[in-house]
Amino acid sequence: MNGQYQLPQRSCCACRGKFDKSELIRVVRRPEREGGDIILDRTGRTNGRGVYICPNADCLKLARKKRGLERGLRGQVPDEVYVALEEELGGGKK
């Protein structure tokens, strides 16, 4: 060991690429006792099952087409989450 801290790596649910955790956007399904809703997790610390996606429009389109978020979160993802992701990416277009 050389004393350097290794950044945590996560995979994008659409393109399956590995990136630093801080570069990706996390979508989380909260536990049933906390409402069970699906939200964007900007802090990366919200309790629940999380899925990561690249911060680009192509990966969002691919995730929607492949149903990557649904598969990762094991449930139906509402359209509001996709709209919030589009706004986060600055696109605002479908």
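All of these numbers come straight from a predicted model, not from anything done at the bench.

*Asks:* Can you break down the sheet that holds strand β4 (residues 38–41) residue by residue, with the values?
*Replies:* Overall, antiparallel pairing links the three strands, which are arranged β4-β3-β5 in an open sheet. In this open sheet, the two strands that pair with only one neighbour each are β4 and β5 (49–53). Each strand of the sheet is rotated relative to its neighbour by a mean of 30 degrees, with strand direction disregarded. Relative to β5, strand β3 (residues 25–29) runs antiparallel, the two being bridged by five bridges. In the strand pairing of β5, I25 is matched with I53.

Conventions adopted
- Residues numbered from 1 in each chain as written.
- Predicted model: local features only at pLDDT ≥ 70, side-chain atom pairs only at ≥ 80, totals over all residues.
- Heavy atoms only, no water.
- Pairing = 2+ DSSP bridges.
- Helix = DSSP H or I, 4+ residues; strand = E, 2+ residues; numbered from the N terminus.
- Axes fitted to C-alpha atoms, helices over the stretch in contact; angles between N-to-C directions.

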